Structures are given as C-alpha cells and as structure tokens.
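Structural overview
Chain by chain, the residues run as shown.
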Amino acid sequence: MERRKFLQIATGGAAAAVGGVVAVWPQAAAGPKLVRKVSTFCELCFWKCGVVATVEDGVVTKLDGHPSHPLSMGRLCPRGNGGTGLLYDPDRLKKPLIRTGKRGGEQFKEASWDEALGYIARKMERIKSEHGPEAMALFTHGHGGSFFGNMLKAYGSPNIAAPSYAQCRGPREVGFQLTFGSGIGSPENTDIANTRFLVLIGSHLGENMHNTQVQEFAECIRRGAKICVVDPRYSVAASKANWYLPIKPGTDIALLMSWVNVLLEEGLYNKEYVDRYGTGLAELRAATKENTPEWAAAITEIPAETIRTVVREMAAAKPAVLVHPGRHVTWYGDDAQRSRAIAILNGLLGSWGSKGGFYLPGGVDIPKYAVPPLPKPARAALDGAGTRYPLADETLASGLCDATLSGSPYPVKGWIVYGTNLVQSLPNPKHTLEAIDRLDLLVVVDVLPAEIAGYADVVLPEATYLERYDDLYAGTFRTPFVALRQPVVKPMYDSRPGWWIARELGLRLGLQQYYPWRDIEQYLDGRLTKMGSSLGQMQKAGVVVYPPEDGTLPADHKFDTPSGKVEFYSKTLAEMGVDAVPKHYAKPEAPEGHLRLLFGRSPLHTFGRTTNNRVMGYVVRENEVWVNNKTAAELGLKQNERVRLVNQDGVKSNAVRARVTNRIRPDCVYMVHGFGHTASKLRHTAGRGASDSELVTRVSVDPLMGGTGMFNNFVRLERGA
Ligand code: SF4
C-alpha cells in the first residue's frame, strides 16, 4: 500500500470532548474538584493504545480507552487500566544516581542532573577519542527511545538495538519477508475480526494481552468463526477452540508442512490465488511429498486424522483463514523457517491480502524536523546482522552483547540502556553481566530500579509516559492514524522526560546542530505544522484517524520478493545453501528426569515491566509453575507446594508455587515470564516468584537471522523449598 501524505481529518465529537477542562464537579466532603480529561497513549506495553486520563485536582484517578483511537476502540487492557500503579509507584527512581560501590551492589550517591550528565558526557568523549564513537551502544525498548537513538547516531555509532527483534519477533519478520516480501510489523496486520478460521499455533491470545487483537478475537468467537489452537498447554484461547492440538514442543514445522502436503495432494489450496500471485509450487510439492499426516503424527503426537480434518476445514474457509504468525517466536533456533512454514500455509490458502486473513496496512508519512545529515559511521555495526546472520535486517541486541564480551571485531566500551531490563530481557543473565564487566560506562535510563540499574555507573530517572511528551506515533493499520503522547500531569520527583535527557546529553557532547528546536513543544509543533495540523489541535484530539484502507491485493500486485511473487520455494535460501522449503529437524530431548521449560505471558503483566506495579500486583503477585498432574503424582508434588526449578546446567530458581493441572503436557512445565526479581529496591516484587530468564542458559541461535531460541532448556523440580 502506498503511504499517504497527511490529510487533515477531524476525529469527531468524542475526541473533541476529551481536550481541556470539561467539568467541575462539586464534592460534598472534599469541596469542588477540578476535573480534566487528557488524551495520550499507553506505554505499559508496546501496543500503544489510545488513553483518556481523568485528572482530579492534579491526581490521575482513571485511565480509559480513547474512543476514537483505532487500537483501543474505547477500551484498555487490564495493564493499561492499571497505569497509575506505575505513576504512583513509591519505588520509582527519583533522582539521578552515580555509583559509589561495586557493580551490582546497588550503592549510589544522589546527583544533580548537571553532575550526572556531565559525568556521562566526559566518559563518552573519552570512549570516542580512545576507541571511536562505534564503541558506544544503545539498547532500547519503548517509544521514548527514539530520541536516544538519534543522539547516538549523531554521536557516530551504528550500534543501536532493541531486544524485541532477536529475542522476540524477528524470526517471523524474516519468514514472512522471504515469502511475501513484507514482514508482519506492529500492530500485526491480522484481520482476526473478519476471519472464518483462526489458527493459533503457540500463541496464547487473551493471556498475551494485545488489546485490539483480543477485542477482535472476542468478535471472531461471537461470529462463530472456527478456531484451532496448537499448544502444549491448554491456554485460555484453547478453551475457545473447536480443535485443541496438544502438540509435542519443537515439532510445529512437521505439523505445518503436513498441512501443506494435504492442501497440495488433495487439491484444496487456493488455485486462483496461487496461479496469479505465486511461484515455486512444483518445488514445494516435491519437497513436501513425504510430509503426510501419518509422517507428522509420529513426530507431533497429533493423530493423522485430526491433522487432515483441521486442514480440510481450513481450506473450506479460504481465503478468510488466518494462521496467526504469533509475536514471541524465538523458541528452538529454526524459528525463521517455522515462521516461513506459517507464511507458506497462508499463501496456499490465499489469505495474504484477503479479508479475514492479512490486510495490507496503510501508513502516514510525518515530515521530519529538519536537521543536518547524520554522520556516516566509520565502522559497521558489530552485532552480526547482515553478515554472520545474513537475513537479519535489524540490529541484534544479543549480537551487541556477544561482541562486547568478545571485544571483536572492535571493542565496545559503553552502553546506554533505555527502558529495558537486559538482565531479564536477554537470555543467560550471567553472560550479560560478564559483558557489563567489560564496560567503562553503563548508563541506565528508566522509571524503576530494576536489576540492570544496580549495575549502572549512572542511573537517570525518566518521567513516566503519563508525565511526558514523546515523539509522534504514526500507526500502520487498517485505519492509519497519528497519535500524540503528552503529559497528563507534571513529572514527579526529579525525573525528566527522555527527549530532554537525550537532548541535554547531546548538547554536552557538542551535537548542537542536531537540536535546532528549543523544546519538545517546538519540535512537535514543527512536525505537525508541516502535516497541516498543530500541537494545539493534537493536544485536544489525541489522535487523527484516516479512512480505512481497502487492505486487499489488487490483481496486478507485485510482491517485494526477488521474483515479485509469493515465493513457495525461496531461491534466496537455496543460494545460501539452506532449505528453500522448511524442513522439520528433531530438537534436543529432555535429559532423564527433566521437563522442557516453556514460558509466556499473563494478561496482568508485561513481563518484568509491570511486576512491581501494585495495582496489577493486587491481582497477580507472583508466578507459578504449571506441572501436569501425572508428572506431579510421580514426584509426590501437591497443589500449591513450593518447588525450585533446577536446569540442565545446575542453575536453581527461587521457590515458586506448583500449579498442578491437566492443562499441560506431561513433558513440559510452564511459567509466566518477568518474575523472580532480585533488585532489592523493587520492594513490591523482589523475591516473589521465579525467573525463567536465569534458567535459560542454553540458547539455540537461528543461523538465518540471529534470533535466540530459548525453549531448548530443561528443568527438574526440587521439592522441600
Ligand atoms: S495492550 Fe494494554 S498495556 Fe498494551 S498499550 Fe494497550 S492498554 Fe496498554
């Protein structure tokens, strides 16, 4: 789809009603209150739903979904509703801190902003003069990180990474790019609301609380669409399904390719779509000839007849079928191929660019604020993207960590870590801490004192998303939109917005020419004015929404693949000497007495970002380990008994409650990610539950794109904790 220039379109009465002061309600006991409604967008996860905040006498008392914002549609998820728990968290970072004790000792002295930023700037200048600007790296997560990315680019470093690529969604981007020439993006371009057949393969929507998708999932159920859930664990989504397939972990590719086999052998694929848009069908047919349901049944432990029945029903619903690509897909080390198998299946059903499948999203170009061209780094990024991992098209956070540890191909001496607790977000924390030991400078910019802050030389307290402006958000969606994040209340304590911190640091580094704007209001107004809008207009509306895109493929659509077609057989992969059609390979089996460790999400928590939130913690205070009841009986394990998990390398977790259930296969255990904090200043969550991250000591790296597969780790359960 063409990205369009800005058109000024009003958002209607609902948006207008939320700008400025709307009412003064007398209160009998406390006297009159000044009540304001302010539009912004959420940052409790990466989905960025529109929010309307109610502020009473300067206190944020309620957060609701913005009625006009396409991602919230008037609702927030439970985490979004609980955002005040972050704003008013008494454990927040309150002042800049400079380390006084040893790394990890959490000993700091309070500093002024001038002192802290001056300290960082001096260290960065020294690193630049001794090792070059590329020796500084940025790890970032969240919308506010863009200002730090721009600052580091102006400084001269290309080493800027988000863990959300190599540790989460990267493989599916590569798998879909290879097949359709286009990744999935965020929010995912899945037309769940209109699908007639939804397949969730390892994706636990509802527990994985992406607001818009969950609302669409509810609509899909209401309309009576057929649903198949493939998961070793009977998830909440599985409870809504027509078919639940408790697959053996690590065998998804076998199931997917057997579905491909049936579509081709029984002639059930979408012939018109494939003839018009596809290439490589004969090679796909030859490569999957032996992948019969009987072959797959022996691998996946799903009966052959069930495999046939489900795919025949899928074919009957084509093209309004959605084999969902998932989001966190770094599991076994062949994850780009697994995602490609999902893409191929969707291609055969004709769902890419069809109603009820994947829509083609539209976007909006927001003109940039004019700054001089950024310097070209003298040395390329050292994470291995595009070289060691040839198909990675974003920087690999784990690759930067590896390179820091090895000092090769050149040394990395400084990290700025924005909004991501690398000790939990990268696998194998021991490895991450060893890399940190090699640094001359570690700067952490965050709202809360998570583990990574305890290792920092300087900690900078950022204002929360409810207290700051960030850059504009141009959403690519069915209905493209532009949204504004703005302060709902003034920053508490001595915290500052990320844009201010990055700019002040940039000025101290002599990068004045990249900051021709005085403050964020001038910057945002400059961009919005060029679009035909203004900051004042956006402050009132919060979001500008464009008419819906058609979202379907035109007859002459040219895909952004080398052939211009949907590539069922990839010559790109063949030329690299790897499988041009995905193949199943056996994964490591559990050592004697061990169970495969799986992890996922809770609807109440965004991993470790929310586990200290007292609002959410009121409902879910700690995680638990799911254990099959037969496995528990063999161990003599009782419901709610506390156990420790000990992995194949002898790493032992905190004690955690056992949830004994028949909702998981006997060969696995499952936990929600993000608990088991050790940072003592996270007083609400420290010591509660267990951390899966510390148990992930073996990583299966995807050779195509560097994704870190984490599900080849095994644990035994130790009673008497
Ligand atoms: S899905 Fe929930 S946490 Fe994420 S942005 Fe939306 S409301 Fe916030």
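Residues numbered from 1 in each chain as written. Predicted model: local features only at pLDDT ≥ 70, side-chain atom pairs only at ≥ 80, totals over all residues. Heavy atoms only, no water.

Helix and strand content of the protein: 23 helices and 28 strands. Taking 27 Å as the expected radius of gyration for a compact globule of 721 residues, we find that the protein reaches 25 Å, a close match to that expectation. For the protein, the spread of C-alpha atoms along the three principal axes comes to 70 × 65 × 60 Å. Taken together, the 85 basic and 73 acidic charged side chains of the protein have centroids lying 3 Å from each other. (Helix = DSSP H or I, 4+ residues; strand = E, 2+ residues; numbered from the N terminus. Rg over C-alpha atoms; globule rule 2.2 N^0.38 Å. Lys, Arg positive; Asp, Glu negative; His and termini not counted. Charge placed at Lys NZ, Arg CZ, Asp CG, Glu CD.)

One pass over the structure, following the stated rule, counts 51 salt bridges. Salt-bridge contacts for Lys95 lead to Asp494; the nearest nitrogen and oxygen are separated by 3.3 Å. A residue pair is termed long-range when its members are at least 10 positions apart, and Lys95 in the loop between helix H3 (84–87) and strand E5 (97–99) and Asp494 in the loop between strand E18 (481–483) and helix H18 (498–508) qualify at 399 residues. Judged by relative accessible area, Lys95 falls into the partly exposed class, the value being 28%. Here Asp470 ties to Arg485 by a salt bridge, and the two come within 2.7 Å at their closest N and O atoms. Placement of Asp470 in the loop between strand E16 (458–461) and strand E17 (473–475) and of Arg485 in the loop between E18 and H18 is noted, with a sequence separation of 15 residues between them. Across the pair, Arg485 and Asp470 agree in class, each one buried. Three or more residues are tied together by salt bridges with common partners; here these are Glu43, Glu462, Arg468, Asp470, Arg485 and Arg609. (Salt bridge = Lys/Arg side-chain N within 4 Å of Asp/Glu carboxyl O. Buried < 20%, exposed > 50% of the residue type's maximum accessible area, 1.4 Å probe, protein only.)

Among the structural elements, Ser339 can be located in helix H13 (residues 335–349). Note: C-alpha distance between Ser339 and Val329 (10 residues apart in sequence) is 8.1 Å. A polar atom in the side chain of Ser339 sits 3.5 Å from the backbone nitrogen of Arg172. (Polar contact = N/O pair within 3.5 Å; in protein donor to acceptor, adjacent residues only side chain to side chain.)

What follows concerns the pairing of strand E7 (residues 136–140). Counting buried positions over the 5 residues of E7 gives 5, a clear majority of the element. Neither face of E7 is left uncovered, since the one carrying Met136, Leu138 and Thr140 and the one carrying Ala137 and Phe139 both have all their residues buried. Of the strand pairs in this sheet, E7 and strand E14 (residues 414–418) are connected by 5 bridges, and their pairing is parallel. Paired with Thr140 across the two strands is Tyr418, which belongs to E14. Relative to strand E8 (residues 160–161), E7 is paired through 2 bridges, and the arrangement is parallel. Bridge pairing in E8 links Leu138 to Ile160. On the question of chirality, the crossover connecting E7 to the parallel E8 by way of helix H5 (residues 146–155) is right-handed. (Pairing = 2+ DSSP bridges. Right-handed = clockwise from strand over helix to strand, strands pointing away.)

As enumerated under the stated definition, the model contains 4 cavities of 30 Å³ or more in all. What lines the largest cavity is a set of 13 residues, and nearest its centre among them are Cys42, Cys45, Cys49, Cys77 and Arg79. One number sums up the size of the second largest cavity: a volume of about 50 Å³. For the second largest cavity, the full set of lining residues is Trp47, Glu188, Thr190, Ile192, Thr212, Gln213, Glu216, Tyr359 and Phe477. Counted by class, the lining of the second largest cavity contains 4 nonpolar, 3 polar and 2 charged residues. (1 Å grid on protein atoms, 1.4 Å probe; cavity = no way out; pocket = protein on both sides within 12 Å on 5 of 7 lines; lining within 4 Å. Points joined across faces, edges and corners; volume = space filled by probe spheres on them. Nonpolar A, V, L, I, M, F, W, Y, C, P; charged D, E, K, R; others polar.)

Now for the site of the ligand. Taken together, Cys42, Leu44, Cys45, Trp47, Lys48, Cys49, Leu76, Cys77, Arg79, Gly80, Met209 and Asn211 make up the full set of residues adjacent to the ligand. Counting atoms within 2 Å of the grid points, the majority share of the ligand lands in the largest cavity. For the shell around the ligand, the residue count by class is 8 nonpolar, 2 polar and 2 charged. (Near = heavy atom within 4 Å. Sits in = over half its atoms within 2 Å of the grid points.)

Quick look at the environment of Pro703 now. Relative to the assigned elements, Pro703 resides in the loop between strand E26 (700–701) and strand E27 (708–709). Setting aside chain neighbours within four positions, we find Pro703 in contact with Gly333, Arg388, Tyr389 and Pro390. (Contact = heavy atoms within 4.5 Å.)

Moving on: the nonpolar core. One finds Trp259, Leu284, Met314 and Leu348 to be the most contacted residues of the largest nonpolar core, which totals 66 residues. No other element matches helix H8 (residues 252–265), which puts 9 residues into this core. In this view, Leu284 contacts Met257, Val260, Leu264, Ile344, Leu348, Phe568 and Val581; residues no more than four positions away in its chain are not counted. Counting residues in hydrophobic clusters, the runner-up holds 49 residues, among them Leu138, Tyr155, Val482 and Met531. (Core = buried A, V, L, I, M, F, W, Y, C linked by side-chain atoms within 4.5 Å.)

On to the domain arrangement of the protein. Here the protein is described as being made up of domain 1 (172–360 + 562–575) and domain 2 (595–718). Computed from C-alpha atoms alone, the centre-to-centre distance between domain 1 and domain 2 is 28 Å. If you look at the interface, domain 1 gives 28 residues, while domain 2 gives 26 residues. Carbon and sulfur atoms supply 59% of the area that domain 1 and domain 2 bury against each other, a total of about 2,000 Å² over both sides. Among the ionic pairs, Arg665 bridges to Glu301, the shortest N-O distance being 2.7 Å. At the boundary of domain 1 and domain 2, one finds 13 residue pairs in polar contact (both at pLDDT 80 or more). Take the side of domain 1 that touches domain 2: its biggest share by element is 3 residues, from H13. In terms of residue class, the side of domain 1 that touches domain 2 is built from 12 nonpolar, 10 polar and 6 charged. (Domains from an automatic or database assignment. Buried area = accessible area lost by both parts, 1.4 Å probe.)

This brings us to the packing of aromatic side chains. For the coordinates displayed, the defined rule picks out 27 aromatic pairs. Considering the side-chain rings of Phe176 and Phe358, the 5.6 Å spacing of their centres and the 50° angle between planes classify their relative orientation as tilted. Of this pair, Phe176 sits in helix H6 (residues 163–180) while Phe358 sits in the loop between H13 and helix H14 (397–406), placing them 182 residues apart in sequence. Across the pair, exposure class does not vary: Phe176 and Phe358 are buried alike. Arranged with centres 5.6 Å apart and planes meeting at 15°, the rings of Trp331 and Phe711 form a pair that is stacked. Linking Trp331 in the loop between strand E13 (321–323) and H13 with Phe711 in the loop between E27 and strand E28 (714–718), this pair joins segments that are 380 residues apart in sequence. Taken individually, Trp331 and Phe711 each receive the classification buried, so the pair is uniform in this respect. Feature note: the residues Phe176, Phe180, Tyr273, Tyr277, Trp352, Phe358 and Phe559 constitute an aromatic cluster, connected by ring pairs. The positively charged end of Lys128 is found above the aromatic ring belonging to Tyr155, 4.6 Å away from the centroid. Of note, Arg503 hangs over the ring of Trp517, and the distance from its end group to the ring centre comes to 5.5 Å. (Phe/Tyr/Trp six-rings, centres within 6.5 Å; stacked < 30°, edge-to-face > 60°. Lys NZ or Arg CZ within 6 Å of the ring centre and 35° of its normal.)

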